[in-house]
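# Architecture at a glance
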Amino acid sequence: MSAIETIHVDGVWRAAASGATREVLDPADATILQLVSEGGAEDTDAAVAAARRAFDEGAWPGTPVAERSALLRRVADLLQRDREEIALIESRDTGKTLEEGRVDVDDVTNAFRYFADVVMNESGGRVVDAGSADVHSVVVHEPVGVCALITPWNYPLLQASWKVAPAVAAGNTFVIKPSEVTPLSTVHLIKLLVEAGLPAGVANIVTGAGLPVGQRLAEHPDVDLFSFTGGLASGTKAGAAAVSGAKKIALELGGKNPNVVFADSCATEEGFDTAVDQALNAAFIHSGQVCSAGARLIIEEPVRDRFVAELARRAEKIKLGRGTEDGVECGPLVSQQQLDKVEAYVASALSEGAQLRSGGSRPEPSDVRPASGYFYAPTILDGCHREMKVVREETFGPILTVETFTTENEAVALANDTEYGLAGAVFSGDSARARRVAARLRHGTVWINDYHPYLPQAEWGGFGKSGIGRELGPTGLDEYRESKHIYENLRPEPVRWFAG
């Protein structure tokens, strides 16, 4: 298999300067999906230099808003044109089901269209009343400059869009480093940006590992903004390098998300069925490899036994297999490393006293589930408590832990007892209670009687160690802009502060 050129610098696709390549594996059977260029520090420096020239000397930062908006819309149309192709790329690269891949493409399309609308609705600036008719004072927004964008392996295309769309809308140039595990859909996105007419040097991509590519982007003196989505340990390290250079930073570092279920949500059979179904969705979509996964079920004691029993029964029936196969509901984990990590978390939980209610092992191979794939059965661990490692740490796998409560205050305390604060949910038949609890949760997104939907119009990000800054919404655009106050004295005259 020959390698494809996946480094794009100053409008040209090229191989790595070192000639190095990397194998991208299909997680369903561990076979080689594609050979890609493995960039290094030299490639990263070239990409940053191209982005720097395009920003300082090119036309893009000064391109009229209407033209930037129109380009984003062309990209959205191209995404829909290539919907099936991209969904297949995403499914084979990440292991998720083909239908999940299609949903991702639609969500990415909506993000590009949203930022096209937002930037068009911007006025020429905010007039500030200076208290004098002789002064014209206005606050305007300008692009930050060169943006370094680092995205994770679980939602490569979606996370790229949340950064690329507002960066381009605001008039920036950028260098993006997708995860070395799942780079293929991001490469395709760059091709669509070029096809849509984005000038050379505005969009650059370097495929390669966090060391050296990601680290070099974080510390590079010609980068003005550093945006990272990924794990807490690597994100804080890269963020520290970026901050040392006084860069603007945005970090999304994951979560350990509570799904709080009150007994009154299960008062009817329909309510019970809905709450169980949503708990499954919260925990096991994309094999739990979701930063906002509802991995902590916090359930009121009176319904706990029946709820967990039904949850376990349904979890055992989830159809695991290659994501491109019909009827498959859940695909493999993304890599052997992730599989090993999940197995270690389950072993740790059992050693600490958790009770295994479903899963807890690799499933038997089948026609749609090759033995060499990174499959792990949806796992429910009952009798869990806050001191357990599996409850405290982000597992990024199909693991659901069960904790119980007896009072509303206890439910809130458990839900907030995490160093993260990305997302959470409340299920209750009492609307006043649900809203009251939602208001007390220290999480950036809180769903009531639902789990996982997001809107491109609404900010996404977290409290605590879930990160710094927000993506999506108006704030998501502001992350990629600088505010400038222009104060004009319409009748200048001497101040006479100093005599002489």
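These numbers were taken from a predicted model, which means no experiment stands behind them.

Quick notes on the rules
- Residues numbered from 1 in each chain as written.
- Predicted model: local features only at pLDDT ≥ 70, side-chain atom pairs only at ≥ 80, totals over all residues.
- Heavy atoms only, no water.
- Helix = DSSP H or I, 4+ residues; strand = E, 2+ residues; numbered from the N terminus.
- Rg over C-alpha atoms; globule rule 2.2 N^0.38 Å.
- Buried < 20%, exposed > 50% of the residue type's maximum accessible area, 1.4 Å probe, protein only.
- Contact = heavy atoms within 4.5 Å.
- Areas by Shrake-Rupley, 256 points an atom, 1.4 Å probe, with all protein chains shown as cover.
- Salt bridge = Lys/Arg side-chain N within 4 Å of Asp/Glu carboxyl O.
- Pairing = 2+ DSSP bridges.
- Polar contact = N/O pair within 3.5 Å; in protein donor to acceptor, adjacent residues only side chain to side chain.
- Axes fitted to C-alpha atoms, helices over the stretch in contact; angles between N-to-C directions.
- Patch = residues over 30% accessible without salt bridge, like charges linked within 9 Å, V, L, I, M, F, W, Y side chains within 5 Å.
- Core = buried A, V, L, I, M, F, W, Y, C linked by side-chain atoms within 4.5 Å.
- Parallel < 35°, antiparallel > 145°, perpendicular 65-115°, else oblique.
- Left-handed = near helix turned anticlockwise from the far one by under 90°.

## Observations regarding the overall build of the chain
For the chain, the helix and strand inventory stands at 15 helices and 20 strands. Its C-alpha atoms give the chain a radius of gyration of 24 Å, within 12% of the compact-globule value 23 Å for 500 residues. Dimensions of the chain along its principal axes, counting C-alpha atoms only, are 85 × 60 × 40 Å. When burial is assessed residue by residue, the chain has 57% of its 500 residues classed as buried. The contacts in the chain between residues at least 6 apart in sequence include a share of 73% that link residues at least 24 apart. In the form shown here, the chain has an accessible surface area of approximately 20,000 Å², with 50% of it arising from carbon and sulfur atoms.

## A few points about the pattern of salt bridges
Counting across every chain of the model gives 37 salt bridges. The salt bridge involving R306 is made with E269; its shortest N-O contact spans 2.9 Å. With R306 in helix α10 (residues 301-316) and E269 in helix α9 (residues 269-284), this residue pair connects regions lying 37 residues apart in the sequence. With relative accessibility at 44%, the residue R306 sits in the partly exposed group. Among the salt bridges present, the one from R314 reaches D273, with a minimum N-O distance of 2.7 Å.

## Observations regarding the sheet that holds strand β6 (residues 135-143)
Strand pairing in a sheet relies on backbone hydrogen bonds. The paired strands run either parallel or antiparallel. On the basis of which strands lie adjacent, the open sheet formed by 3 strands has the order β5-β6-β20 and antiparallel pairing. A single partner strand is all that each edge strand has here, and the edge strands are β5 (126-127) and β20 (481-489). Note: β6 against β20, 9 bridges, orientation antiparallel. Its bridge partner lying in β20, E142 is registered against E482.

## Examining unusual backbone geometry
Between L211 and P212 the backbone carries a cis peptide bond, its omega angle lying at 20°. Here P212 is to be found in helix α7 (residues 210-219). A positive phi is found at F396, a non-glycine position, where the angle reads about 50°. Structurally, the position occupied by F396 is in the loop between α12 (389-392) and β16 (399-405). Positive phi, close to 55°, is recorded for N449, a residue that is not glycine. Looking at where N449 falls in the secondary structure, it is placed in the loop between β18 (445-448) and β19 (467-468).

## Considerations on the environment of Y480
By secondary structure assignment, the location of Y480 is in the loop between α15 (473-478) and β20. Overall, Y480 belongs to the buried group, its relative accessible area being 2%. A C-alpha to C-alpha distance of 6.2 Å links Y480 and P143, two positions 337 residues apart in sequence. In this structure the side chain of Y480 is engaged in a polar contact, spanning 3.5 Å, whose partner is the side chain of S227.

## A closer look at the sheet that holds strand β13 (residues 296-300)
What the 7 strands build is an open sheet, ordered β14-β15-β16-β13-β12-β17-β18; its pairing is mixed. Single-partner strands in this sheet number two, and they are β14 (355-358) and β18. Recorded for the sheet is a direction-independent mean angle of 25° between the axes of neighbouring strands. Relative to β16, strand β15 (residues 379-382) is paired through 3 bridges, and the arrangement is parallel. The partner of L381 across the bridge, within β16, is T401. Packing of helix α14 (residues 431-440) onto the sheet brings it into contact with β13, β17 (423-427) and β18, and relative to β18 it is tilted by some 170°.

## Re a nonpolar patch on the surface
Together, M1, L25 and I32 make up a nonpolar patch on the protein surface, roughly 280 Å² of accessible area in all. Inspection of the secondary structure puts M1 in the segment before β1 (7-9).

## Brief notes about the nonpolar core
If you look at the biggest cluster of nonpolar residues, it comprises 86 residues, and the most contacted ones within it are L79, F112, F174, L193, F307, L311 and I380. In terms of residues, this core owes the most to one element, helix α5 (residues 156-170), which gives 10 residues. Core analysis: the next-biggest nonpolar cluster, separate from the first, contains 27 residues, A148, I150, L232 and A238 among them.

## Focus: the packing of helix α4 (residues 98-120) against α5
Relative to each other, α4 and α5 sit at 15°, their axes nearing to 9 Å. By the criterion of interaxial angle, the relationship of α4 to α5 is roughly parallel. In the crossing of α4 with α5, the sense of the turn from one axis to the other is right-handed. On the side of α4, the interface is formed by D104, V105, D107, V108, A111, F112, F115 and V119, while α5 contributes L157, L158, S161, W162, V164, A165, P166 and A169.

## Things to note about the side chain of E252
Along the chain, the position of E252 falls in strand β11 (residues 248-252). For E252, the side chain forms a polar contact with the main-chain nitrogen of G254, separated by 2.9 Å. What E252 contacts, discounting residues up to four positions off in sequence, is F228, T229, G230, C291, L422, W460 and S466.

## Section: the pairing of strand β7 (residues 146-150)
In terms of burial, β7 is a largely internal element, 5 of the 5 residues being buried. Residues V146, A148 and I150 point to one face of β7 and C147 and L149 to the other, with burial holding for every one of them. Relative to strand β8 (residues 173-177), β7 is paired through 5 bridges, and the arrangement is parallel. Looking at the pairing, L149 lines up with I176 of β8.

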